[in-house]
Structures are given as C-alpha cells and as structure tokens.
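Fold and geometry: a report
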Amino acid sequence: MNIPIEKVIQRYIEKNKKSMQLYQRAQNSLAGGITRTSTYFQPFPVYMERGEGCMLYDVDGNERVDFLGNYTSMIHGYNHPKITEAVTRQIQKGSCFGAPTEQEIKLAELLILRVPSIERIRFASSGSEAIMFTLRLAQGFTGRYKIAKIEGGFHGSYDYALMSMHPPLDQVGPVESPAVIPDAVGISPAISEQMVILPFNDQKNSERLILKHKHELACVLIEPILGAGGIIPARKEYLQFLREITRQYGILLIFDEIISFRVRLGGAQEMYGIRPDLTTLGKIISGGYPVAAFGGREDIMALMDPRSGTPRIPHSGTFNGTPVGMAAGLAAMEALTPEAMDRINQMGEKLRTLITETFKKRGVKAQVTGVGSLFNIHFSTEEILDYRSAQRGDMKSRNQLFFSLLNRGIFLASRGLGCISTAMTWEHLDRFNTSLNDALAEDMGY
Ligand SMILES: Cc1ncc(COP(=O)(O)O)c(C=O)c1O
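Chains are numbered independently. Their residues run from 1 in the order of the written sequence. Reporting in this predicted model follows two pLDDT cut-offs: at least 70 for local features of residues, and 80 or more for side-chain atom pairs to be given and counted; totals over whole chains, interfaces and linings ignore these cut-offs and use all residues. Only hydrogens and water are set aside; all other atoms, that is, all heavy atoms of the structure, feed into the side-chain values.

**Quick look at the site of the ligand**
Near, as used in this document, describes a residue that has one of its heavy atoms within 4 Å of the molecule or strand being considered. The environment of the ligand is made up of Ser126, Gly127, Ser128, Phe154, His155, Gly156, Glu223, Asp256, Ile258, Ile259 and Lys283. Definition of a polar contact: a pair of N or O atoms within 3.5 Å, with one able to donate and the other able to accept a hydrogen when the atoms are protein atoms, and with sequence-neighbouring residues admitted only if both atoms are side-chain atoms. Phe154 places a polar main-chain atom, nitrogen or oxygen, 3.4 Å from a nitrogen atom of the ligand. In isolation the ligand exposes 390 Å². Once the protein is present, 80% of that is buried. Lys, Arg, Asp and Glu make up the charged group, whereas Ala, Val, Leu, Ile, Met, Phe, Trp, Tyr, Cys and Pro make up the nonpolar group; the residues left over, Gly among them, are polar. Residue classes in the shell around the ligand are distributed as three nonpolar, five polar and three charged. Accessibility throughout is a Shrake-Rupley quantity obtained with a 1.4 Å probe, and a residue counts as covered only by protein chains that appear here.

Structure below.
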C-alpha cells in the first residue's frame, strides 16, 4: 500500500502521546523546545526514558532497536557492565577536580598507541571544541589564516566549521568553485573570506583551488568518510592527493575522525594508510560522556606546551579530561578489542547487503552507502560521491521511511544515518530488514 506520509506521521503521533506532551511543555522553557538541533524533527522528537544494550525505551513505553547510538557515539550500547563499573567507581572517588588525574594519561596513552599520527593529544568536552583548537593550532603553526574545508563536511559549531556544511543546492555555485555559504547568521563576513570550499572526491577541482590559495592556506580539513553529509567514503587516491599537495606547500592536513574513528582501531587513517598532521576524535572515545580529543605532530602540539611560560595557544576548559569521562572512555576503548571491531564491521557489511537486496527485490530506487559499522540510506540511484549527489536524492521518501521504521521499532537518524553497536546480535539485523520490508510494502507501496 502507498500510504500518504501524513498518515504515517499520524500513527507516530498516536503512539507517542507523552513525547508530544513533553515537547509542548518544553517550548515554554527551551528555545524551540529542544537543546540540540539534531534531535529535533517535526512534529516533535521522541523522548527517551532509558537504554539497555542496543534497546531504547521511550516515555510512552515504545521499545526500539537503537541504530543511531547517539549519532554513532554509543558503540557499546547502553549500560555496558565494564563502563558502568568504571564510571561508578570514579563517581565515588569524585567526579572532577581542578587538577589532573592518572585517568587522562591512561586514555591518552591508549589512543596514541592506536593512532600513530597522534604523537601528543589533548582532551576537550565536545567535538566542536576539538575542531576549534585544531584549526587554531594550524593557523598558529603556519602563520596563515585560510582554511580549506569540504563542501557538505560537518565539523560542529565553530565559525570556520559552520561553512557550506548544508548549503542549499540552488546556491552552491559551480563545482569548479563551490560558493562559501555560512550555515548560521552571526558569523563575521571576515571568516567567509578566509574559507576555501573543496568538492569532495574531486581531485581536479580541489587541486586548482588549493594551488590558487597555496601560500595562504593553513590547513585542509576533511572527514575521511563524509559523515553527516551521507556516510560517503573518500576515494583513497583523493586522500593521497590531498596528503601530497598539502605536504608540498606546507599546508597542514587535518582528519576529522569524530565519526570515522569507529571503522578501525586506528581510525579511517589506518584503513587508508594515510598519516594526517592533526586529527580530531570524539563520540566513541568517551563511553557515552562529553569527551573529545585532538592531537597530532609533536612540533605542532608544542604550541600548547606550558613548560616555558604561558603557552602560545592556551587550552582552557573546566571539564577537560573530566575523570568520569576518562574512566568511561578507557573502559569503552578497552572493550573495543580487535575481535569486537571485526565483528561490528562484518555486521555492518551484512546489514548493507540485506538492505541492498531488499531495495532490489522491491524495486526501490534507493541505495545504502557506508563503511564498517556505519551506513546511510539514500533514495537515489545515482552514484553517491559527494554532498551534491547525496542531496539530489528523494528526501520525502527518506523522511517517510524514517517514520515508518520508527513506528516499527527501529531508531535511525531522520537523514537515514545508522550504525551498529557491539551490543547487537545478528538477529537485530534481521529485525531491521524485516521492518524495512514491512515499511516499504505496507506504507510506501513497494
Ligand atoms: C565529523 C564531526 N565533527 C565534529 C562534530 C562536532 O562534535 P560535537 O557535536 O561533539 O561538538 C561532529 C558531531 O556530530 C561530527 O560528526
């Protein structure tokens, strides 16, 4: 049956009355009723009560398999015994102090061991902050101010990052020279003037743009796997080209691995065999707490060194290296063994195969992109290589599928993003596929 989306949303409203009431109440205190843009969708977001393993339970008593994992962070699901134990132990000793603890050294040592390009590391409280400090390091180290970033690349809320992250397709300009479009009001036009926007996976045009600004560019900032832009892996040759051209002109190469770190123990840079100058990490490294990190070459990170007086780049943050987050992160990273990593990667591969077969069997003009435990559904048959090709997909069908799956006990991002957690079994993949089949057949007319 092909049910209008309004009916599918009506079913969502009927099954989520308490969420609706909470959202109505929230609008009187929180701006727009929420406190994080990405958790909102119309007509109202679903309010969670608790999570256990890979299951989520909302305030209306609906149970769903969590394929979102707080936007790919919860790699071990909820209430993992080792993480809960580590956190409880730390809380009893004190949640944070105005002094360092051994916990931060332990997590730093583990991450440095796993990611050879990170010679020195620092912790922050959010990925946005990690990006902010990384860009400042690049500008401070090179003495240059221009930043090249990828069209459709998402790097959080810092001014330089909120550029052409989600530009409307009718404003993006020619692919030879993508327009610089701020994603928020309130950013000084002086920032836009410092930006160079590169088309993802497009060597010819990226090369011309980098060469044009080669003496002014501090860095090229890239997610090796475009995350919010649609889980689109970079071509290896594209990353190799970026590595070579940046090295040639003294431009720093920054990998934002805040999402992609979950594809290998050493992140996407291990998978591609490419060593960036600086890297940002977040999401999975914290075991579910507000922790991110940035690091890289020792000579660059030395700008933050306080040993010979005031550091050239001060790094403040009341909750930097917060012991509870460090303890949780350490437990999470230790539980992410090579076997656990292989298993979720294989499960991701299997789920993408199941989804592809289902789309084929039902004649749906859609596809799934992804790497390892990450995936994204696109209602499009053209090859998805960059932000523009992803955005040309049928967003209305994607939105309808999101609600249809939500009504059938599957939690994904409304933009079609999903991931696997170590708490899942192969049966959860079958459950996803059955729900997908039902949603396509019963709600979408396939
Ligand atoms: C690739 C990437 N970079 C940076 C960020 C910003 O991180 P945060 O939300 O912790 O500020 C995100 C968040 O989703 C991200 O996906």
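**A few points about the environment of Phe375**
Elements are defined by DSSP. Helices are runs of H or I of four residues or more, strands are runs of E of two residues or more, and each kind is numbered from the N terminus. Relative to the helices and strands, Phe375 resides in strand β14 (residues 374-378). Considering only alpha carbons, one finds Phe375 and Glu129, 246 residues apart in sequence, at a separation of 26 Å.

**A short note on unusual backbone geometry**
Between Gln42 and the following residue, Pro43, the backbone shows a cis peptide bond with an omega angle of 5 degrees. Structurally, Pro43 is set in the loop between α2 (17-26) and β1 (48-52). One non-glycine residue, Asn79, lies in positive phi territory at about 60 degrees. Take Asn79: it is sitting in the loop between α3 (69-72) and α4 (81-93).

**Details of the sheet that holds strand β10 (residues 252-256)**
One bridge is not enough; two strands pair if DSSP finds at least two bridges between them. Pairing is mixed across the open sheet formed by seven strands, whose spatial order is β4-β12-β11-β10-β7-β5-β6. Two strands close off the open sheet at either side, each with one partner strand: β4 (120-124) and β6 (195-198). Neighbour-to-neighbour, the strand axes of the sheet open up by a mean angle of 20 degrees, direction not taken into account. Sheet topology places strand β5 (residues 146-150) next to β6; four bridges connect them, and they run parallel. Across the sheet, residue Lys149 finds its bridge partner in β6, namely Ile197. The contact criterion used throughout is that any non-hydrogen atoms of two residues lie within 4.5 Å. Every axis corresponds to a line fitted to the C-alpha atoms, with the helix fit spanning only the stretch in contact, and the corresponding angles, defined between N-to-C directions, vary from 0 to 180 degrees. Strands β6 and β7 (217-222) of the sheet are contacted by helix α8 (residues 203-212), whose axis makes an angle of about 165 degrees with β6.

**Notes on the sheet that holds β1**
Strand order in this open sheet of four strands is β1-β2-β3-β15, and the pairing throughout is mixed. Bordering the open sheet on either side are β1 and β15 (410-411), each of which pairs with just one other strand. Note that strand β3 (residues 63-66) and β15 share two bridges and pair parallel. Across the sheet, Val65 pairs through a bridge with Ile410, a residue of β15.

**Looking at the nonpolar core**
The term nonpolar core refers to a set of buried residues drawn from Ala, Val, Leu, Ile, Met, Phe, Trp, Tyr and Cys, joined through side-chain atoms within 4.5 Å. Here's how the labels work: a residue is buried when its accessible area is under 20% of the maximum for its type, exposed when over 50%, partly exposed in between, all with a 1.4 Å probe on protein chains only. Counting 57 residues, the largest nonpolar core has Phe67, Leu111, Ile285, Met333, Ile355, Leu401 and Phe432 as the members making the most contacts within it. Among the elements that take part in this core, helix α12 (residues 323-335) stands out by supplying eight residues, more than any other. Formed jointly, this core draws a minimum of three residues from each of two domains, domain 1 (5-75 + 338-443) and domain 2 (81-335). Sequence-distant contacts of Ile355, that is, excluding residues within four places in its chain, are made with Val368, Phe375, Ile377, Phe432, Asn433 and Leu436. Within the second largest apolar cluster, 55 residues are counted, among which are Leu56, Tyr71, Val220 and Ile251. The split of the chain into domains comes from an automatic or database domain assignment.

**Details of α8**
Of the residues making up α8, those classed as buried are Asn205, Ser206, Leu209 and Ile210. For α8, the buried positions fall inside an angular range of 130 degrees around the axis, keeping them on one side. The outward face of α8, more than 90 degrees from its buried face, is lined by the exposed residues Lys204 and Lys212. Buried residues along α8 sit in contact with β6, β7 and α9 (236-248). Among the residues of α8, the N-terminal cap falls to Asp202, whose side-chain oxygen and the backbone nitrogen of Lys204 are separated by 3.4 Å. An arc is given here, and it is the one of the directions from the helix axis to the C-beta atoms.

**Quick look at the domain arrangement of the protein chain**
Each assigned domain of the protein chain is listed here: domain 1 (5-75 + 338-443) and domain 2 (81-335). Put simply, the middle of domain 1 and the middle of domain 2, counted by C-alpha atoms, are 26 Å apart. On the domain 2 side, the residues contacting the 31 residues of domain 1 number 33 residues. Here, a salt bridge means any side-chain nitrogen of Lys or Arg that lies within 4 Å of a carboxyl oxygen of Asp or Glu. Residue Arg388 pairs with Glu151 through a salt bridge whose shortest N-O separation is 2.7 Å. Counting across the interface, domain 1 meets domain 2 through 13 residue pairs in polar contact (both at pLDDT 80 or more). Residue assignment for the side of domain 1 that touches domain 2 shows that the elements contributing at least two residues are α3, α13 (338-362), β13 (367-371), β14, α14 (387-391) and β16 (417-419). Here the element with the most residues in the side of domain 1 that touches domain 2 is α13; it accounts for five residues. Considered class by class, the residues forming the side of domain 1 that touches domain 2 number 17 nonpolar, nine polar and five charged.

**Digging into the pattern of salt bridges**
Inspection of the entire model under this criterion finds 15 salt bridges. When the shortest N-O distance is used, the salt bridge between Arg64 and Asp58 registers 2.8 Å. Notably, a salt bridge pairs Arg408 with Asp443, separated by 2.9 Å at the nearest N-O pair. Separated by 35 residues along the polypeptide, Arg408 in the loop between α15 (395-407) and β15 and Asp443 in helix α16 (residues 426-443) bring together distant segments of the chain. Via salt bridges that share partners, Arg11, Arg408, Glu442 and Asp443 belong to a single interconnected network.

**Digging into the packing of aromatic side chains**
Put simply, two rings from Phe, Tyr or Trp (the six-membered ring, in Trp's case) pair if the centres are within 6.5 Å, and we call them stacked under 30 degrees between planes, edge-to-face over 60, tilted for the rest. For the structure on display, the rule yields 15 aromatic pairs. Seen from their ring centres, Tyr12 and Phe41 are 5.9 Å apart, and the 55 degrees between their planes marks the pair as tilted. With a gap of 29 residues between them, Tyr12 in helix α1 (residues 5-15) and Phe41 in the loop between α2 and β1 connect regions that are remote in the sequence. For the residue pair Tyr12 and Phe41, the accessibility class agrees, reading buried in each case. Measuring from centroid to centroid gives 5.8 Å for Phe375 and Phe432, while their planes differ by 90 degrees, and the two rings are edge-to-face.

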